[in-house]
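The chain contents come next:
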Amino acid sequence: MSQLRIADCVPEGDLLTSGHLACPGCAAPLAMKLALKALGPNTIVVMPACCFTIIAGPWPQSSLQVPVFHTAFATGPAVASGIRAALDTQGKFDTTVLVWVGDGGTFDIGLQALSGAAERNENILYVCYDNEAYMNTGIQRSSATPWGAWTTTTPAQYPEATNKKDILAIMAAHNIPYAATATVAYPVDLIDKVTKAKAMRGTRFIHLLSPCPPGWKCGDDEGVELARMAVQSRVFPMLEVEDGRRWRFTMEHAGDPVEPYLRRQGRFRHLSAEQVSHIQAEIDAHWQQLVQRTAQDALVPA
Amino acid sequence: MPETITTTDGARAIPEVAMSTTSTLVTRTGSWKYTRPAYHDRVAPCNAGCPVGIDIEGYLNLLREGRVDEARDLLLAENPLPAVTGRVCHHPCENTCNRRTFDGAVAIHAVERAMGDLARQRPAPVLKGKRRTERVAVVGSGPAGLACAYHLARFGYGVTIYESAQEAGGMLRLGIPEYRLPREALDGDIARVVAHGVEIKCGVRIGEHVTWKELTELFSAVCIATGAHTSRALGVPGEQLPGVQPGLVFLRDVNSGKRPDLGRHVVVVGGGNTAMDCARSAMRLGAKVTVAYRRTREQMPAIKEEVDDAMREGAEFVFLANPVEFQEANGRVCALVAERMALGEPDASGRRRPVPTGEHFTIEADTVLTAIGESSALEGFFGDVEGSDSGLQVDALGGTNRDMLYAGGDVTDLARTVADALGAGKRAAIGIDRHLRRHHGDTAELNALRFADGNLSAVRWMGRDPIRRVNPVNAVVGVDDLNFAQYQRVPRHADPHLDSDRARGGFDEVNAGLSTAEAMDEAKRCLNCGVCTQCDVCLIFCPDAAITRAADGSYTIALDYCKGCGLCAAECPRGAITMTQDRP
């Protein structure tokens, strides 16, 4: 069969309902839909302030068919630690506590709480769906915004001047049992990773690239394609790190040039050819670093 | 005691923390959209590009699902001679295949051939439907005649084919050498046509043994499919010399079992399939062969594989060579004088025109075979039927200017290939059926029978399409409508060939074909352009969970919730979802 297998690799049934308030083409509800397929109904979601706070719907509605606990921006992992303790006290060890939060609540505002929970190796699953800026409040830059990108706080004349924080390496440095990257373009890979994480104990971290059509200035129907291009151009490689030591790629990366990925997005439209070359050089350097880190991995290209 | 409040779904106790009591299904986010998706099955380019009008995508899809018998029946419903076309068709379907730029076109010819060979071992399908009282005569048993007779028989008519040769098959038997089309493949396909109740009377020449007048009195309609059997003359001095002969005459001799002595060096003039057949047959008789063609390789009208094979087997090609004279020695041709040509501006056929350079050169020849095209011998046969030197004039359904006379194949002025002849025979059959039933449909009705702007479908004409189509749109799906990210590269199966030395040594079939298992594998390479295969990609990628699967496997879009983002259409591997502008 020449079509990639997908139908029999993705579980039936959705715990995300229609009518949620995500923008058309938003990847976050797609990511949530896929993650919940892997996690099942025995899940409690802890949700610090992020786009999904809105997507989940206004009280008394909820777009998630599992309990959701909305929390303040900086407190996701702390609240999750408390819920975990309460569940454990009640003997509910098999309930998954999922922290679902954006890049602002992870890279910037929630970082100390996350680091603390990871240091204590709290038994929680933390998913950062990263749309690379504070999209919900009007596209302000975060420390996940890539170098050169336009946001409302980094206008095209003065675009983002710092590199995106390497959050996977930060989390891996906590030597947690599992840290991985994933994205909506590869649903089977995403579900495999969430399923694997669900079966483990301790702090598990998934960094999930989540394209945002209004913030990235792309078409509503382009998010999945852009996520695919991000992976294949090695902007956002697909990785797993176990115990902070064993790094491996979870698929092959074509190594396509980054330029087509950038040019499809209005937030990079102002970039000059030199700036694109600079981004390509940064990607290549990061890739070399990853190739060294994954040196024991069978998928490393020669 | 907790206080109570009244919400949209009734009075409830206020919990200690604010808790949701209902889902977001109350929010009809469908009102946000300005475009909406819809499932529309469209036409795969192979179907539109097939001159026969075969539902190629349809039978490949059935094969993918392992429904081999249904696939065979669908193929046979449109094409009476799959074992033949699987071998000798120039397969324009593969030239239009959307897979060709990804990892190579699906080897449709190889699958068709395997299906044709499988069909030979199975009984003909039982014909259902009303028998009709009218009888139809078909003159000529080549591909056009066989196709016309076959489809008429399936429509319920009694059909008699008159063939002037001793065996049925026309150019398939007399023109195409056995190393390309083994006689058991041809005989098997013809036997199935006969099994449909078609009577074939061989050795009967109309105008000689039976008059045209008698024919038109005995039958309710007549289809003329006599072919084009006259080699066109070069019109240069020395063409009448012994040793210069029309390629078609040579092929007819070889294909009826004769092994003429051609001498040591044979020159073939021409660049079409007849020229390639002459060259390769002559090599099999031990001659050294030079092909002289007035343009270059790129402009050769022959099937590319035939040129490749001729080269592989050792034929020498002299391009840009236009014959101007044949020289004589001892009362026989001894050489061809040719003028060196250069390529000029494109002509009416779109190919670059050869222009003379004034430079002449000589090629030695013991025998010259001319193959620069064929014309049909129309002398006196048809009386007042309109036609020109290039053939009879026919309408979209094979009708001539005479009410009951239809025509198809090389005798008409349309493209001269086996596939075009089969397609023309089918059109004439539908034309005759409409004529005899006094059914006068309009152009729109006729166009609905076409695969996009391709040939007519007999299955659609009979109203028996076994494929369930979702809101079909009769438009071709282009390569840009597909999402190749959902496919993996699977190399095309190459045809196994006899090695050149063995091939040259006799008339054994050169292309050994794929095994049935390999052909079934190849069928699975089909992308199913434009036709939903219920692969779940749309269902999985919908961020609004607005797509659900019905009991029969098809999908429903909840337009109350769909925001019109278009991800389903963008991610659909095969262009089976179309986004349309929402009305305000």
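What counts, and at which threshold
- Residues numbered from 1 in each chain as written.
- Chains lettered and ligands numbered in written order.
- Predicted model: local features only at pLDDT ≥ 70, side-chain atom pairs only at ≥ 80, totals over all residues.
- Helix = DSSP H or I, 4+ residues; strand = E, 2+ residues; numbered from the N terminus.
- Rg over C-alpha atoms; globule rule 2.2 N^0.38 Å.
- Buried ≥ 20, exposed ≤ 12 C-beta atoms within 10 Å, placed from the backbone.
- Contact = placed C-beta atoms within 7 Å.
- Axes fitted to C-alpha atoms, helices over the stretch in contact; angles between N-to-C directions.
- Pairing = 2+ DSSP bridges.
- Core = buried A, V, L, I, M, F, W, Y, C linked by C-beta atoms within 7 Å.
- Domains from an automatic or database assignment.
- Nonpolar A, V, L, I, M, F, W, Y, C, P; charged D, E, K, R; others polar.
- Parallel < 35°, antiparallel > 145°, perpendicular 65-115°, else oblique.
- Right-handed = clockwise from strand over helix to strand, strands pointing away.
- Expected span 1.5 Å × (residues − 1).
- Arc of directions from axis to C-beta.
- pLDDT = per-residue confidence, 0-100.

Explain the overall build of chain A to me, using residue names and the numbers behind them.
Each helix and strand counted, chain A has 11 helices and 9 strands in total. Since a compact globule built from 302 residues should have a radius of gyration of about 19 Å, the 18 Å found for chain A is in line with a globular shape. Along the first, second and third principal axes, the C-alpha set of chain A runs to 60 × 45 × 45 Å. For chain A, the residues scored as buried account for 54% of the 302 residues in total.

So what's going on with the overall build of chain B? Residues and values would help.
Within chain B, the secondary structure is distributed over 20 helices and 24 strands. Here the C-alpha coordinates of chain B stretch approximately 125 × 55 × 45 Å along the principal axes. Counting all 584 residues of chain B, 49% fall into the buried class. Contacts in chain B between residues far apart in sequence, at least 24 positions, make up 72% of those at least 6 positions apart.

So, the packing of helix H3 (residues 76-89) of chain A against helix H5 (residues 111-119) of chain A: which residues are in play, and what are the values?
When two helices pack together, you describe them by how their axes are tilted relative to each other and by the distance separating the axes. Relative to each other, H3(A) and H5(A) sit at 40°, their axes nearing to 7 Å. Taken together, the residues of H5(A) that come into contact with H3(A) (itself represented by A:Gly76, A:Pro77, A:Ala78, A:Ala80 and A:Ser81) are A:Ala113, A:Leu114, A:Gly116 and A:Ala117.

Residues and numbers for unusual backbone geometry, please.
Across the chain, the bulk of peptide bonds are trans and the bulk of non-glycine residues have phi less than zero. Residues and elements named next belong to chain A. The omega angle of the peptide bond from Trp59 to Pro60 is 10°, so this bond is cis rather than trans. Along the chain, the position of Pro60 falls in the loop between helix H2 (51-55) and strand S2 (61-62). Although it is not a glycine, Glu132 sits at a positive phi angle of roughly 70°. Locating Glu132 in the fold gives a position in the loop between strand S5 (125-130) and helix H6 (167-172).

Summarise the sheet that holds strand S13 (residues 316-318) of chain B; cite the residues concerned and give the values.
Residue and element names in this part refer to chain B. Read from one edge of the open sheet, 5 strands run S10-S17-S11-S12-S13, paired in parallel fashion. In this open sheet, the two edge strands, each paired with only one partner strand, are strand S10 (244-246) and S13. Each neighbouring strand pair of the sheet contributes to a mean axis angle of 25°, computed without reference to strand direction. Of the strand pairs in this sheet, S10 and strand S17 (residues 367-370) are connected by 3 bridges, and their pairing is parallel.

Account for the nonpolar core, with residues named and values stated.
A:Val127, B:Ala149, B:Cys223, B:Val268 and B:Ala279 are the most contacted members of the largest nonpolar core, which totals 255 residues. Inspection of this core shows a minimum of three residues originating in each of domain 1 (131-229 + 376-439) and domain 2 (232-373) of chain B.

Let's hear about the domain arrangement of chain B: which residues, and what values?
Residue and element names in this part refer to chain B. As far as domains go, chain B holds domain 1 (131-229 + 376-439) and domain 2 (232-373). Summarising the inter-unit geometry, the C-alpha centres of domain 1 and domain 2 are found 31 Å apart. Contact with domain 1, which involves 7 residues of that partner, is made by 9 residues of domain 2. Of the residues belonging to the side of domain 1 that touches domain 2, the class tally is 4 nonpolar, 2 polar and 1 charged.

An account of the packing of helix H2 (residues 56-64) of chain B against helix H3 (residues 68-78) of chain B is needed here, citing residue identities and associated values.
Residues and elements named next belong to chain B. As a packed pair, H2 and H3 sit with axes 8 Å apart at the nearest point and diverge in direction by 170°. Classified by the interaxial angle, the pair formed by H2 and H3 is roughly antiparallel. Note on element contacts: H3 touches H2 through Val68, Glu70, Ala71, Leu74 and Leu75, opposite Gly58, Tyr59, Leu62 and Leu63. When grouped by side-chain class, the residues that make up the contact of H2 with H3 number 7 nonpolar, 1 polar and 1 charged.

Please provide a residue-by-residue account of the pairing of strand S11 (residues 265-269) of chain B, values included.
Residue and element names in this part refer to chain B. In terms of burial, S11 is largely enclosed, as 4 of its 5 residues are buried. Here S11 runs beside strand S12 (residues 288-292); their pairing, made up of 5 bridges, is parallel. Bridge pairing in S12 links Val266 to Val289. Assessed by its sense of winding, the connection that carries the chain from S11 through helix H12 (residues 273-284) to S12 is right-handed. Where S11 and S17 come together, 4 bridges link them in parallel fashion. Each residue of the ladder has a partner; that of Val267, found in S17, is Val368.

Quick rundown of helix H7 (residues 143-155) of chain B? Include the residues and the values.
All names here are of chain B. End to end, H7 covers 18 Å across 13 residues, agreeing with the expected 18 Å (1.5 Å per residue, within 8%). Counting buried residues in H7 gives 13 out of 13 residues, a clear majority hidden from the surface. Backbone geometry just downstream of H7 places Gly156 in the positive-phi region, at approximately 110°.

Go over the interface of chain B and chain A with me, naming the residues and quoting the values.
With 41 residues of chain B at the interface, the matching set in chain A holds 34 residues. Broken down by secondary-structure element, the contributors of at least two residues to the side of chain B that touches chain A are strand S3 (22-23), helix H19 (537-541) and helix H20 (567-571) of chain B. For the side of chain B that touches chain A, the element with the highest residue contribution is H20(B), accounting for 4 residues. For S2(A) and S3(B), the ladder comprises 2 bridges, and the chain directions are parallel. Within the sheet, the bridge partner assigned to A:Ser62 lies in S3(B) and is B:Ser23.

Before we move on, can you summarise helix H7 (residues 187-198) of chain A with the specific residues and values?
Compared with the 16 Å implied by 1.5 Å per residue over 12 residues, the 16 Å span of H7(A) between its first and last C-alpha is a close match. Taken as a whole, H7(A) has its buried residues at A:Pro187, A:Leu190, A:Ile191, A:Lys193, A:Val194 and A:Ala197. Angularly, the buried residues of H7(A) cover 160° about the axis, an arc narrow enough to put them on a single face. In this structure, the buried side of H7(A) is in contact with helix H1 (27-39), S5, strand S6 (178-183) and strand S7 (204-209) of chain A together with H19 of chain B.

Give a detailed account of the sheet that holds strand S3 (residues 68-71) of chain A, specifying residues and quantitative values.
Residue and element names in this part refer to chain A. Strand order across the open sheet formed by 8 strands is S3-S1-S4-S5-S7-S6-S8-S9, with mixed pairing between neighbours. Only two strands of the sheet have a single neighbouring strand rather than two, namely S3 and strand S9 (246-249). Sheet twist, expressed as the average angle between the axes of neighbouring strands with direction ignored, equals 20°. Where S6 meets S7, 6 bridges bridge the pair, whose relative direction is parallel. Residue pairing in the sheet places Ala182 in a bridge with Leu208 of S7.

Pulling in residues and values, what's your account of the environment of B:Pro346?
Residues and elements named next belong to chain B. Tracing the chain through its elements places Pro346 in strand S15 (residues 332-346). Classification of Pro346 by C-beta neighbours within 10 Å gives exposed; the count is 11. Among all residues touching Pro346, those that are not within four sequence positions of it are Arg351, Arg352 and Arg353.

An account of the environment of B:Gln240 is needed here, citing residue identities and associated values.
Residue and element names in this part refer to chain B. Among the secondary structure elements, Gln240 is positioned in the loop between strand S9 (230-231) and S10. In this structure Gln240 comes out as exposed when scored by C-beta crowding, with 9 C-beta atoms within 10 Å. Distance in space between the C-alpha atoms of Gln240 and Thr357 is 26 Å, their sequence separation being 117 residues.

Describe the environment of A:Ile44, listing the residues and the values that go with them.
Residues and elements named next belong to chain A. Along the chain, the position of Ile44 falls in strand S1 (residues 43-48). Judged by the 20 C-beta atoms lying within 10 Å of it, Ile44 is buried. With 39 residues separating them along the chain, Ile44 and Ile83 place their C-alpha atoms 8.6 Å apart.

Any chance you could break down the confidence of the model for chain B for me, citing the residues and the numbers?
Within chain B, residue pLDDT values average 91, and 96% of them lie at 70 or more. Our summary of model confidence lists the complex with pTM equal to 0.90 and ipTM equal to 0.95.

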